Amino acid sequence: MSAAPARIRRLLVANRGEIALRIQRACRELGIEVCQVYSEADRDSLPVRLADQAVCIGPARAGESYLAGERVVEAALALRADAVHPGYGFLSENAAFAALCERRGLIFVGPPPAAIAAMGDKASARAIALAAGVPVTPGSTGVLASAAQAREVAGALGYPVLLKAVAGGGGRGMRVVASAGELEPQFDAARREAQAAFGDGTLYLEKYLSGIRHVEIQILSDGETVLHLGERDCSSQRRNQKLVEESPSPGLGAALREAMGEAAVRLCRQVGYRSAGTVECIVEPAAQRFYFMEMNTRVQVEHPVTECVTGIDIVKQQIRIAAGERLALRQADVRLHGHAIECRINAEDPAAGFAPSPGLLAAVHFPGGPGVRVDSHVQAGSVIGPHYDSLIAKLVCWGADRDEALARARRALAELRIEGVRTTAPFLARLLDSAEFRRGEVHTRFVETLLEEAAA
Ligand code: ADP
Ligand code: ADP
Ligand code: MG
């Protein structure tokens with residue numbers, strides 16, 4: 001487990017922010033040299049300063065830098081990197097980019113392009129789940145050709161339904177339709193939005209379920225051995241975007257955990273999955289029933305909670321697998337120990353509808369002490385620009401049980417000091433203090449309820 005992977009001596013990090021630093025840390029521990037790409041906006045960032053080599057690949061606009069696959073590959077070849085790690089977002093779920101890396105002799109740290117493509121289309125992913133015997137959210141069997149077809153499917157399912165873009169992601173590209181009268185205008189609007197946001201207006205639909213939890217299974221596969229690393233509960237969301245994540249889920253019994261883990265493994269085998277990945281599901285807590293929702297074929301923002309409870313370094317495993325190594329772990333080696341909670345600290349103003357709050361960080365103090373891990377790329381003097389995702393830090397707290405993890409998360413949020421921009425930290429403190437969260441009784445609409453109560 002300690003020897004450096006033979007096929008990867010030098011790795012290019014094709015991302016920015018906290019995940020760039022997270023990947024760099026994994027490389028350091030593996031004895032791999034670190035190359036970092038950056039846009040003009042990130043010239044003075046910590047990942048650039050901490051890399052062995054760094055190269056500017058373009059202007060702030062992501063389309064001309066972090067999303068410009070050709071430029072990333074050129075940089076990797078110029079720096080003589082063996083591998084490219086795409087992190088999350090940007091090029092991470094772009095099958096054409098993964099294929100381009102392979103064609104140019106670079107190892108893509110992620111699954112085979114065919115698995116990315118199969119799972120990247122949400123309608124195709126549902127079909128694969130069904131073929132693997134994994135229950136999917138009730139909905140259309142394939143994509144919707146027209147509003148008329150959508151109306152037919154929705155009528156049979158019963159309202160409300162959720163229109164979803166096959167190419168959607170990041171909590172975007174979804175519309176709830178409450179009744180038949182709303183279907184046609186919503187269908188047209190959703191199609192236009194999806195076309196503009198993802199370059200693909202194709203839609204499908206699902207029954208809109210309420211009182212549900214978002215529970216996802218972390219997977220590690222070397223192509224032969226497929227392991228499940230327990231679950232993360234990401235039910236604390238605002239506008240379908242995650243705010244707080246924890247493991248284990250307070251809503252899952254041992255039998256359901258086992259069933260979901262086995263289903264996720266079957267799904268991975270069905271698509272020839274290799275690498276780290278996440279199978280996202282909806283859970284109905286009362287019935288202890290689950291439905292497949294989508295698969296994310298990359299490392300996720302909230303992967304540290306799983307690292308805390310399993311002791312397994314997911315990013316290092318991902319790099320070793322990409323280097324062609326076999327997993328040294330077996331399912332029996334995966335044991336969950338204690339409880340972990342992650343808070344996403346974003347530069348957003350909760351008092352202004354979570355509007356972005358860019359600016360210069362005048363002061364930064366991160367919490368520490370027992371059970372506290374902070375994944376961040378910022379320090380005093382860092383500038384939070386308007387160009388990218390507003391995530392500035394992840395506070396990940398571990399405890400022997402949920403109560404201790406929660407107490408540490410509250411304590412860590414109180415210690416955190418960030419001056420110069422508004423952050424979500426005060427709102428997250430309120431969220432953790434709510435009676436529902438303390439009881440572990442959250443559902444995916446719970447945060448919105450909390451916000452409505454505060455506004456009333
Ligand atoms: P996770 O699924 O790891 O919890 P998020 O949903 O927060 O992560 O996504 C991580 C990052 O990737 C965010 O910046 C999000 O906006 C971006 N992202 C994820 N999927 C897509 C997509 N299909 N299109 C565009 N951006 C995406
Ligand atoms: P994304 O690719 O944007 O992450 P997902 O399909 O993972 O999209 O859905 C994001 C969130 O939307 C889920 O975590 C859940 O809260 C909500 N959601 C998705 N599907 C449904 C559904 N059928 N019923 C109710 N809520 C849903
Ligand atoms: Mg999702």
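Check the entry above for the structure.
Below is a summary of the structure that appears in this document. (Residues numbered from 1 in each chain as written. Chains lettered and ligands numbered in written order. Predicted model: local features only at pLDDT ≥ 70, side-chain atom pairs only at ≥ 80, totals over all residues. Heavy atoms only, no water.)

1. A word on the overall build of the protein
Part 1 of the reasoning: Looking only at helices and strands, one finds 15 helices and 22 strands in the protein.
Part 2 of the reasoning: For 456 residues, the compact-globule formula gives about 23 Å, and the C-alpha radius of gyration of the protein, at 21 Å, lands near that figure.
Part 3 of the reasoning: Its C-alpha atoms give the protein principal-axis dimensions of about 60 × 50 × 45 Å.
Part 4 of the reasoning: When the 456 residues of the protein are sorted by exposure, 57% land in the buried category. (Helix = DSSP H or I, 4+ residues; strand = E, 2+ residues; numbered from the N terminus. Rg over C-alpha atoms; globule rule 2.2 N^0.38 Å. Buried < 20%, exposed > 50% of the residue type's maximum accessible area, 1.4 Å probe, protein only.)

2. A few points about the site of ligand 2
Part 1 of the reasoning: Residues in contact with ligand 2 amount to 23 residues; listed here are only the nearest, Lys122, Gly171, His214, Gln237 and Glu294.
Part 2 of the reasoning: A distance of 2.7 Å separates an oxygen atom of ligand 2 from a polar side-chain atom of histidine 214.
Part 3 of the reasoning: With the chains in place, 95% of the 550 Å² that ligand 2 exposes on its own is no longer accessible.
Part 4 of the reasoning: Contributions of two or more residues to the shell around ligand 2 are made by strand S6 (161-169), strand S7 (172-177), strand S8 (203-207), strand S12 (275-284) and strand S13 (289-296).
Part 5 of the reasoning: The greatest single-element share of the shell around ligand 2, amounting to 4 residues, is contributed by S6. (Near = heavy atom within 4 Å. Polar contact = N/O pair within 3.5 Å; in protein donor to acceptor, adjacent residues only side chain to side chain. Areas by Shrake-Rupley, 256 points an atom, 1.4 Å probe, with all protein chains shown as cover.)

3. Considering the site of ligand 1
Part 1 of the reasoning: Around ligand 1 sit 15 residues, and of these Gln300, Val301, Glu302, Arg344 and Asp389 come closest.
Part 2 of the reasoning: With respect to ligand 1, the backbone of glycine 89 contributes an N or O atom lying 3.5 Å from an oxygen atom.
Part 3 of the reasoning: With respect to ligand 1, the side chain of aspartate 389 contributes an N or O atom lying 2.6 Å from an oxygen atom.
Part 4 of the reasoning: Starting from 540 Å² of accessible surface for ligand 1 in isolation, the protein chains cover 75%.
Part 5 of the reasoning: If you tally residues by element for the shell around ligand 1, the top one is S6, at 3 residues.
Part 6 of the reasoning: Here the shell around ligand 1 gathers at least three residues from each of two domains, domain 2 (138-207) and domain 3 (213-455). (Domains from an automatic or database assignment.)

4. Some thoughts on the coordination of the magnesium ion (ligand 3)
Part 1 of the reasoning: Within the protein, the magnesium ion (ligand 3) binds to Glu280 (OE) and Glu294 (OE); these donor distances fall in the range 2.0 Å. Of this pair, glutamate 280 sits in strand S12 while glutamate 294 sits in strand S13; the two residues are 14 residues apart in sequence, bridging distant segments of the chain. For the residue pair glutamate 280 and glutamate 294, the accessibility class agrees, reading buried in each case. (Donors = N, O, S within 2.8 Å, 3.2 Å for Na, K, Ca; no water.)

5. Section: the sheet that holds strand S2 (residues 33-39)
For sheets, the rule is that strands pair by backbone hydrogen bonds, running either parallel or antiparallel.
Part 1 of the reasoning: Read across the sheet, 5 strands follow the order S3-S2-S1-S4-S5 without closing on themselves; strand pairing throughout is parallel. At either margin of the open sheet sits one strand with a lone partner, and together these are strand S3 (53-58) and strand S5 (107-108).
Part 2 of the reasoning: With 4 bridges connecting them, strand S1 (residues 10-13) and S2 associate as parallel partners. Residue pairing for S2: leucine 11 is matched across the bridge by valine 34.
Part 3 of the reasoning: Relative to the sheet, helix H11 (residues 314-322) contacts S1, strand S4 (83-85) and S5, its axis offset from that of S4 by approximately 150°. (Pairing = 2+ DSSP bridges. Contact = heavy atoms within 4.5 Å. Axes fitted to C-alpha atoms, helices over the stretch in contact; angles between N-to-C directions.)

6. Here's the deal with the sheet that holds S12
Part 1 of the reasoning: As summarised here, the arrangement of the 8 strands in space is S13-S12-S9-S10-S11-S14-S21-S19, forming an open sheet in which the pairing is antiparallel. Edge positions in the open sheet fall to S13 and strand S19 (372-376), since each of these has one partner strand only. Across the sheet, the mean angle from the axis of one strand to that of its neighbour is 25°, orientation sign disregarded.
Part 2 of the reasoning: Here 8 bridges tie strand S14 (residues 339-346) to strand S21 (residues 391-399), and the two strands are oriented antiparallel to one another. Residue pairing for S21: histidine 339 is matched across the bridge by glycine 399.

7. Focus on helix H7 (residues 147-157)
Part 1 of the reasoning: All buried positions along H7 are accounted for by Ala147, Ala150, Val153 and Ala154. The buried side chains of H7 occupy one side of the element, clustering within an arc of 120° when seen end-on. With respect to the buried face of H7, the exposed residues turned more than 90 degrees away are Ala148, Glu152, Gly155 and Ala156.
Part 2 of the reasoning: Contact partners of the buried residues in H7: S6, helix H8 (180-198) and S8.
Part 3 of the reasoning: Phi for glycine 158, located one or two positions after H7, is positive at around 95°. (Arc of directions from axis to C-beta.)

8. Observations concerning empty space enclosed by the protein
Part 1 of the reasoning: For the coordinates displayed, the defined rule picks out 2 cavities of 30 Å³ or more.
Part 2 of the reasoning: By volume, the largest cavity amounts to about 40 Å³.
Part 3 of the reasoning: Taken together, Asn15, Arg16, Gly17, Gln36, Val37, Tyr38, Asp42, Ser45, Pro47, Val48, Tyr66 and His377 make up the full set of residues lining the largest cavity.
Part 4 of the reasoning: Among the elements of the structure, S2 and helix H2 (46-50) are those that each provide at least two residues to the lining of the largest cavity.
Part 5 of the reasoning: Looking at the lining of the largest cavity, the element that brings in the most residues is S2, giving 3 residues.
Part 6 of the reasoning: Split into classes, the residues belonging to the lining of the largest cavity amount to 5 nonpolar, 5 polar and 2 charged. (1 Å grid on protein atoms, 1.4 Å probe; cavity = no way out; pocket = protein on both sides within 12 Å on 5 of 7 lines; lining within 4 Å. Points joined across faces, edges and corners; volume = space filled by probe spheres on them. Nonpolar A, V, L, I, M, F, W, Y, C, P; charged D, E, K, R; others polar.)

9. Looking at the packing of helix H1 (residues 17-30) against H11
Part 1 of the reasoning: Two elements in contact, H1 and H11, have axes separated by 9 Å at closest approach and are oriented at 65°. The angle between the axes of H1 and H11 places the two elements in the roughly perpendicular class. The two elements H1 and H11 cross, and the hand of that crossing is right-handed. Of the residues in H11, those in contact with Arg22, Ile23, Ala26, Cys27, Glu29 and Leu30 of H1 are Ile314, Val315, Lys316, Ile319 and Arg320.
Part 2 of the reasoning: Here the residues of the contact of H1 with H11 are counted per class, giving 7 nonpolar, no polar and 4 charged. (Parallel < 35°, antiparallel > 145°, perpendicular 65-115°, else oblique. Left-handed = near helix turned anticlockwise from the far one by under 90°.)

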